[in-house]
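Tertiary structure, described
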Amino acid sequence: MTGRSAGAVPHKPVRGPHKAVRGPLGVARGPLGAVAGLAALVVVVLGVLFAGDSGPTAVDARVWAVVGGAVVGGVGAPWRDVALAVDFLGEPVGAVVLVAGAVGGCLLLRRPRAAVLVVAGVGISVGATKLLKPVVGRTIHGENLSFPSGHTAFLTAFALVVALLLAGRIGLRGAAGTSLVAAVGLIAGGAMGWAQVVLSAHYPTDVVGGWCTAMAVVPATAWLVGRAAGRPADRGADAPRGDRC
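Within each chain, residues carry numbers counting from 1 in the order of the written sequence. Only residues with pLDDT of 70 or above have their local features reported here, since the model is predicted, and side-chain atom pairs are shown and tallied only from 80 upward, although totals for entire chains, interfaces and linings are computed over all residues. With hydrogens and water excluded, all non-hydrogen atoms of the structure serve as input to the side-chain values.

Our focus in this paragraph is the overall build of the chain. For the chain, the helix and strand inventory stands at 9 helices and 2 strands. Elements are defined by DSSP. Helices are runs of H or I of four residues or more, strands are runs of E of two residues or more, and each kind is numbered from the N terminus. When its helices and strands are written in sequence order, the chain yields α-α-α-α-α-α-β-β-α-α-α. Only protein chains enter the accessibility calculation, which uses a 1.4 Å probe; a residue whose area is less than 20% of its type maximum is buried, one above 50% is exposed, and one in between is partly exposed. Relative to its full complement of 245 residues, the chain shows a buried share of 43%. Throughout, a residue-residue contact means that at least one pair of heavy atoms, one from each residue, lies within 4.5 Å. The long-range fraction of contacts in the chain, counting pairs at least 24 apart against all pairs at least 6 apart in sequence, stands at 79%. Put simply, the chain shows about 12500 Å² of open surface, and 69% of that area lies on carbon and sulfur atoms. Using a 1.4 Å probe, accessible areas were evaluated by the Shrake-Rupley method; residue-level cover was limited to the displayed protein chains.

Pasting the structure below:
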């Protein structure tokens, strides 16, 4: 016989299973998503507990006593200088320098989505602290709103975004990617939190609130940026190389 038989079924190529999502979206929607949810819950619980407060808790007092920040200048001059240097990173000039440098690097590498994630992740985190402060109404040194710490949220968010981009760039996913991002965020948030406590700018529990705010916001922002850019989970790995964050 020549030609195809009447009952022949056209051959269809067999597709393999979809590859795991790469890039920041792959890390943000995995285990880090659960961490973000827990962090958001902590912020809500602490906000309710500290609503309207104007003084430290027993835990705050103990931490302050250990760190030496109960009174400005309560630590030695060298350590105070270090605290001021770290604090500067959360001030407007320092923050702009960090964000501008990161955005510029992303654009030089032709990663516009990464640049958007830097601005959105940091901006929304800091914005969330500004919205939460008058809602919670916790004060320090008179009428200064303190919960959650915006400085801590900023540096934590910045570090988380950079770590997410790095994890996506080198293909880390799952527990490995989550561990890297969480560790970087913990180190950055811990450094800024220490500075805020040493300088008596925030209660230690304000610092925890700031860190958790960034931990809740950044993974969600990374997920939203990935979705808005047209990278659903089932095709993220197939995007052209130049189209990834």
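Two joining distances apply to patches: 9 Å for like charges and 5 Å for nonpolar side chains (Val, Leu, Ile, Met, Phe, Trp, Tyr), and every residue must have over 30% relative accessible area and no salt bridge. In what follows, salt bridge is the name for a side-chain nitrogen of Lys or Arg lying within 4 Å of a carboxyl oxygen of Asp or Glu. Among the surface-exposed residues, L38, L41, V45 and L49 lie close enough to one another that they form a single nonpolar patch of about 390 Å² accessible area. By the element assignment, V45 lies in helix 2 (residues 31–49).

This part covers the pattern of salt bridges. Tallying each qualifying case throughout the model produces 2 salt bridges. Ionic contacts of the salt-bridge type, sharing partners, join the residues D60, R138 and D206 into one network.

To continue, consider the packing of aromatic side chains. In summary, the pairing rule links any two rings of Phe, Tyr or Trp, Trp by its six-membered ring, whose centres are within 6.5 Å, and it sorts them by plane angle into stacked for under 30 degrees, edge-to-face for over 60 and tilted for everything else. Counted by the stated rule, this structure contains 4 aromatic pairs. Ring plane angle 75° and centroid distance 5.8 Å describe the contact between F50 and F147, whose orientation is recorded as edge-to-face. Here the residue F50 occupies a position in the loop between helix 2 and helix 3 (58–67), and F147 occupies one in the loop between strand 2 (144–145) and helix 7 (150–170), the gap between them amounting to 97 residues. Among the residues examined, F147 registers a relative accessible area of 0% and is labelled buried. Consider the rings of F154 and F158, whose centres lie 6.3 Å apart with planes at 20°: the pair is stacked. Of this pair, F154 and F158 both sit in helix 7, 4 residues apart, roughly one helical turn. With a relative accessible area of 4%, F154 lands in the buried category. Just above the ring of F50 sits the side chain of R138; from NZ or CZ to the centre is 4.0 Å. Any Lys NZ or Arg CZ found within 6 Å of a ring centre and within 35 degrees of that ring's normal is scored as a charge over the ring.

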